[in-house]
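Chains, contacts and geometry: an overview
Single-letter residue listing:
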Amino acid sequence: MHKKFDHKEIEKKWQEKWQTDGLYDTGERDNSKEKEYVLVEWPYPSGNLHIGHWYAFAVPDIYVRYKRMVGTQVLYPMGFDAFGLPAENAAIKRNLNPREWTESNIEYMRGQLASMGNAFSWDKTCNSTDPEYYKWTQWMFTKFFENNIAYRGEGVVNWCPGCNTVIANEQVQADGTCERCDSVIEKKKMPQWMLRITDFADELIDDLAPLNWPEHIKDAQRNWIGRSEGAEIDFELSVGEKVTVFTTRPDTLFGATYLVLAPEHELIEKYKDSIINWDEVVVYAKEAKQKAEQDRLDNTKEKTGVKLDGITATNPANGEEIPVYIADYVLAGYGTGAIMAVPAHDERDHAFAKKYRIQIKSVVTEKPLTHAGALLEAKGKPGTFLFQLRKKDAAKLPGKLSFFGGKIESEETPLAATKRELEEELEFSFTDDAVKATYCFESEIPGMQGWVAHITDVDESSLVLHEGDEIVTLTIDEAIEDPRSSAGLVQVMRILKEQKIRTEYGVLVDSGEFTGLTSEEAKVAITEKVSGKLTNTYRLRDWSIGRQRYWGVPIPIVYDPEGRAHPIAEEHLPWTLPEDVDFKPTGVAPLAKSEALKRRVTEIFGEGWTPEVETMDTFVDSSWYYLRYIDNKNDAAFSSKEAQQTWLPIDLYFGGAEHTTMHLLYSRFWQKALKRLGLAEHAEPYARRINRGLILGPDGNKMSKSKGNVIDPDEQVERVGADTVKMYLAFMGPYGETANYPWDMGGIAGLRRFLERVYGLSEHITENEPAAITSLLHKTIKKVDDDIKNFKFNTAISAMMILVNDIEKQGIGKESYELFLRMLAPFAPHVTEELWQAAGNSSSIHSTEFPAFDPDLAKDKEVTIGVQINGKVRGDITVSPEATEVEVMATVAENHSLQARIKDAQIRKIIYVPGRILNLVVSE
């Protein structure tokens, strides 16, 4: 029967004691110690901690406690990201002021956080709704404004009719609804406050490389920023206006057969009088604008669009007139909102062109052939055929090769000769655009010259089959099946039918003076020829931070009587939220209704001056909180240079995968903007990032009240205690792997029983500790030490369980018992503190050192290794882990079972890995 303990009494007792003693206060930087800044994401005080909060905060606490015990000065702060729409909506529902709701939630959440017993650095806390915090948020905004990083712009925004406010792209769900209220998002054009995050796009990508982050997080940020290298090229429209397109493939310009504008493009409305089918265009554009961006970019969905009848464009490379379309697969916010479409070399363009029967013109093929042997390599490639103009020395060609022979007639171009000879050999006619003589090559065979002919996609054209005087028109499929078709024609048609678009680089064909250049060469040459500009474009848009709601940081801007924007001087900061505000959503920004705010502006700035009435996106608040933690009592600066030099960068940032492309990106930008202005010491805030997984319900599904599978951590703490909950969460699997773990009531009960056994372990203290226990203890200390460093808390707990099993059977000495408690302390802080004091110690166990292992005692005296004979395991032997090959073979010689297998066979080779395996290669 295991000795039970009263977890409620023990945990309350020690939590109060630790708080009274300030045990976990970090204080000022102690330069005699190595520092580690461990950060967990700023929680929103929703009023009730869920099990995800426990997983986010309680498991990293194990690592923090361990690091403190090994002598590191660890900063592990906690605070509240307390502005935001949820509080405002909750206050509206309950007819409260958002501040009352928020402060009551913070009070309640503080109690819940205390129940964890975590080693938080509460002396370094901060709260986004504290005027002394958001004073500095506003101050930094004014600096951004003065340096043109913050600006008042105009653009298409995501308007949420449910929240009556603008939301960021990242807050729009995949189905086009608001992540907060599930309303369908509307696209509106309106003024907005922006931050120039795009000016930092290259830094945000390039500076990822040296960071100690998982590659999937880096890739997510790179993809979100979406840097594409290419060129901007102007196309002349028939209405007398130029439209700039961005393309990553300027080498394919000669293959551009139509132009596409985003349905939101400003030129569509500007030239609506020139568009004959305007009514059709309006209907399509309205539908497209309401589609989610993810749906518009989804390559699996059928492409749709509408031709702008009455408007054409001119391809600047060849002067050809091409049609103009609008299509939903082109976005106004990416590149220039216009693309040149090259259906032979882009999958989306190809699908669109096939659907709307637009010319498909191939202008890139494989690399040129340089010698006769390459004839064989090219045979049968999709759409490519070889044409030998002169047959001299044909017998010298390697192998057997059927080729089209002939010569150029007088005044005949190579292209015309190629087309004529193909038609004669295959006995059918190509259209003028179907055959392209791509490039000439000189053979190693003297006097021989060859041309590679490329046949374009002719699926929409009829093929003309010659049969005597009769001319028969056939489709590709009909030509393949028709018995009158020559073998050559059937071969050509089959290849054409299977032909895929070519998206790879290669050599240019049918591209005027650029024919024969490689794609890399042509990108630069063609761009220069048409007066284009090589540049990059980005999927990332400037950050829209203005919100038409109350519970947020007021944007510190006022407008003079002429409407010009001015930043509010530092002496008037914090620019506090007025209290006389009806914040119920009406579509008008709540601050616009405040008479107190208007009077404040008039008194300070004069008659005719007006306030900005928008508040900031709450992602602004969380973009710099880590800087305030380290200097939270500073009245003269948001964070002193000394504090930044002392504590930054953050050594380890634990967080959730949902913030990979929002909070992480925004805070990295904020840090870089401060660095550019000389206000920050580091270009990157987070040296290392670890994402955690999710805790699922007992049914294996994501926790949801509607599914009835939500685990309330308060109930679990009440039932089994905080130490048990913490250890169970740590035991579920390796931390930092984005796996999802279902909650198991049986599993948490098992951890409770383990702690009960630990609580009664003092009953097994003996004066004569068995040597096996001493050795196992030091092996366990070594493993736990290694596992904590690698966030494998689950296997560390398993090792301690094994140790406890053996202690209960064999006993343990008092000194080793206390070593065990110190090893367990980071995992079960309350129970170990109680047992430590009961063992006669007056200081806190958490102020002691983490136990060091003795390498000799932690070393295995003997190991059992498998013995393979010709690759098959035939037995095992027990030897010293440092045994030499001679010693191992001597042990094999004494093993009767192995000797019976070897018998008189000759050992030809010995493969020995000390401590692991022995493989004997013997002659049969």
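Residues numbered from 1 in each chain as written. Predicted model: local features only at pLDDT ≥ 70, side-chain atom pairs only at ≥ 80, totals over all residues. Heavy atoms only, no water.

Before going further, it helps to examine the overall build of the chain. A tally of regular secondary structure across the chain gives 31 helices and 35 strands. Here the chain, with 924 residues, has 53% of them falling under the buried criterion. Excluding contacts between residues fewer than 6 apart, the proportion of contacts in the chain whose partners are at least 24 apart in sequence is 71%. Per element, the accessible surface of the chain, about 40,800 Å² overall, is 48% carbon and sulfur. (Helix = DSSP H or I, 4+ residues; strand = E, 2+ residues; numbered from the N terminus. Buried < 20%, exposed > 50% of the residue type's maximum accessible area, 1.4 Å probe, protein only. Contact = heavy atoms within 4.5 Å. Areas by Shrake-Rupley, 256 points an atom, 1.4 Å probe, with all protein chains shown as cover.)

Taken as a whole and judged by the stated rule, the model has 40 salt bridges. Across the salt bridge formed by aspartate 202 and arginine 227, the nearest N and O atoms sit 2.8 Å from each other. Within this pair, whereas aspartate 202 is found in helix α6 (residues 201-206), its partner arginine 227 is found in the loop between α7 (215-225) and β6 (228-237), the two being separated by 25 residues in sequence. We classify aspartate 202 as partly exposed; its relative accessible area is 30%. Through salt bridges with shared partners, a single network forms among Asp207, Arg668, Lys672 and Glu684. (Salt bridge = Lys/Arg side-chain N within 4 Å of Asp/Glu carboxyl O.)

Glancing now at the sheet that holds strand β24 (residues 557-559). Sheet architecture is open: three strands sit in the order β25-β24-β26, paired in antiparallel fashion. Edge strands, defined here as strands with exactly one partner in the open sheet, are β25 (565-567) and β26 (610-611). Here two bridges tie β24 to β26, and the two strands are oriented antiparallel to one another. Bridge pairing links valine 558 to proline 611 in β26. On the sheet, helix α5 (residues 131-146) packs against β24 and β25 and is oriented at approximately 130° with respect to β25. (Pairing = 2+ DSSP bridges. Axes fitted to C-alpha atoms, helices over the stretch in contact; angles between N-to-C directions.)

Moving on, we come to the sheet that holds strand β33 (residues 872-879). Strand order in the open sheet made by the four strands is β33-β32-β35-β34, with mixed pairing throughout. Of all the strands in the sheet, the pair left with one neighbour each is β33 and β34 (907-913). On average, each strand axis in the sheet is inclined to that of its neighbour by 20°, with strand direction left out of account. The pairing of β34 with strand β35 (residues 917-922) spans six bridges and is antiparallel. Among the inter-strand pairings, lysine 909 is bridged to a residue of β35, identified as valine 921. This element, helix α30 (residues 885-893), spans β33, β34 and β35 of the sheet and lies at about 110° to β33.

Okay, α30 next. Every buried residue belonging to α30 is among Val888, Met889 and Val892, and all of these are buried. End-on, the buried residues of α30 take up no more than an arc of 95°, which puts them together on one face. The secondary structure elements touched by the buried residues of α30 are β33, α31 (896-902), β34 and β35. (Arc of directions from axis to C-beta.)

Next up on the list: the nonpolar core. General note: in soluble globular proteins, nonpolar side chains tend to be found buried as a group. Counting residues in hydrophobic clusters, the biggest one holds 86 residues, and the most contacted among them are Leu729, Phe793, Phe820 and Phe827. For this core, the element with the most residues is helix α2 (residues 51-69), which contributes 12 residues. Setting aside residues no more than four positions away along its own chain, phenylalanine 820 makes contact with Val758, Leu761, Leu777, Met800, Leu803 and Val804. Counting 77 residues, the second-largest nonpolar core is a separate cluster that includes Tyr37, Trp42, Ile225 and Phe638. (Core = buried A, V, L, I, M, F, W, Y, C linked by side-chain atoms within 4.5 Å.)

In the structure shown here, the tally under the stated rule is 45 aromatic pairs. Their ring planes at 80° and their centres at 5.0 Å tell us that tyrosine 66 and phenylalanine 850 sit as a pair that is edge-to-face. Within this pair, whereas tyrosine 66 is found in helix α2, its partner phenylalanine 850 is found in the loop between α28 (829-838) and α29 (855-858), the two being separated by 784 residues in sequence. This pair shows no difference in class: tyrosine 66 is buried, exactly as phenylalanine 850 is. Through a chain of ring-to-ring contacts, three or more aromatic side chains come together here, namely Trp42, Tyr133, Trp136, Trp139, Trp624, Tyr625, Tyr626, Tyr629, Phe638, Tyr653 and Tyr686. Residue placement shows arginine 196 over the ring face of tyrosine 151; its charged tip is 3.8 Å from the ring centre. Over the face of the ring belonging to tryptophan 224 we find arginine 539, whose NZ or CZ atom lies 4.1 Å from the ring centre. (Phe/Tyr/Trp six-rings, centres within 6.5 Å; stacked < 30°, edge-to-face > 60°. Lys NZ or Arg CZ within 6 Å of the ring centre and 35° of its normal.)

Here we come to unusual backbone geometry. That bond from leucine 573 to proline 574 is cis: its omega, 0°, falls within 30 degrees of zero. Its place among the elements puts proline 574 in the loop between β25 and α17 (595-605). Cis geometry is adopted by the peptide bond preceding proline 649, which originates at leucine 648 and carries an omega value of 0°. Here proline 649 is to be found in the loop between α20 (641-647) and β28 (652-656).

On to the pairing of β33, then. Examined bridge by bridge, strand β32 (residues 863-869) and β33 share seven bridges and lie antiparallel to one another. Pairing of isoleucine 869 across the sheet is with lysine 872, part of β33. Between β32 and β33, which pair antiparallel one after the other, the connecting turn spans two residues, and asparagine 870 there sits at a positive phi close to 55°.

This brings us to the confidence of the model for the chain. Chain-level statistics for the chain give a pLDDT mean of 86 and a share of 86% at 70 or above. Residue range residues 368-404 is modelled with pLDDT below 50. Its contacts to residues more than four positions away, or to other chains, number 92 contacts. Counting contacts from residues 441-449, a segment whose pLDDT is below 50, to residues more than four positions away or on other chains yields 28 contacts. (pLDDT = per-residue confidence, 0-100.)

A few words on the environment of phenylalanine 514. With respect to the helices and strands, phenylalanine 514 occurs in the loop between β20 (507-508) and α16 (519-529). For phenylalanine 514, a relative accessible area of 6% puts it in the buried group. Spatially, the C-alpha atoms of phenylalanine 514 and isoleucine 526 are 7.5 Å apart, while their sequence positions differ by 12 residues.

Further remarks concern the side chain of lysine 218. You can see lysine 218 is positioned in helix α7. Here the side chain of lysine 218 touches leucine 208 through a polar contact of 3.1 Å, landing on its backbone oxygen. Excluding anything up to four places from it in sequence, lysine 218 contacts Leu208, Ala209, Leu211 and Trp213. (Polar contact = N/O pair within 3.5 Å; in protein donor to acceptor, adjacent residues only side chain to side chain.)

Let's shift gears to the packing of α2 against helix α23 (residues 722-731). Any two packed helices are characterised by how steeply their axes cross, that is the angle between the axes, and by the distance between the axes. Running from N to C, α2 and α23 point in directions that differ by 90°, and their axes come no closer than 9 Å. In terms of orientation, α2 lies roughly perpendicular with respect to α23. The residues of α23 that touch α2, namely those facing Ile51, Trp54, Tyr55, Ala58, Val59, Asp61, Ile62 and Arg65, are Ala722, Val725, Lys726, Leu729 and Ala730. The class makeup of the residues in the contact of α2 with α23 is 10 nonpolar, no polar and three charged. (Parallel < 35°, antiparallel > 145°, perpendicular 65-115°, else oblique. Nonpolar A, V, L, I, M, F, W, Y, C, P; charged D, E, K, R; others polar.)

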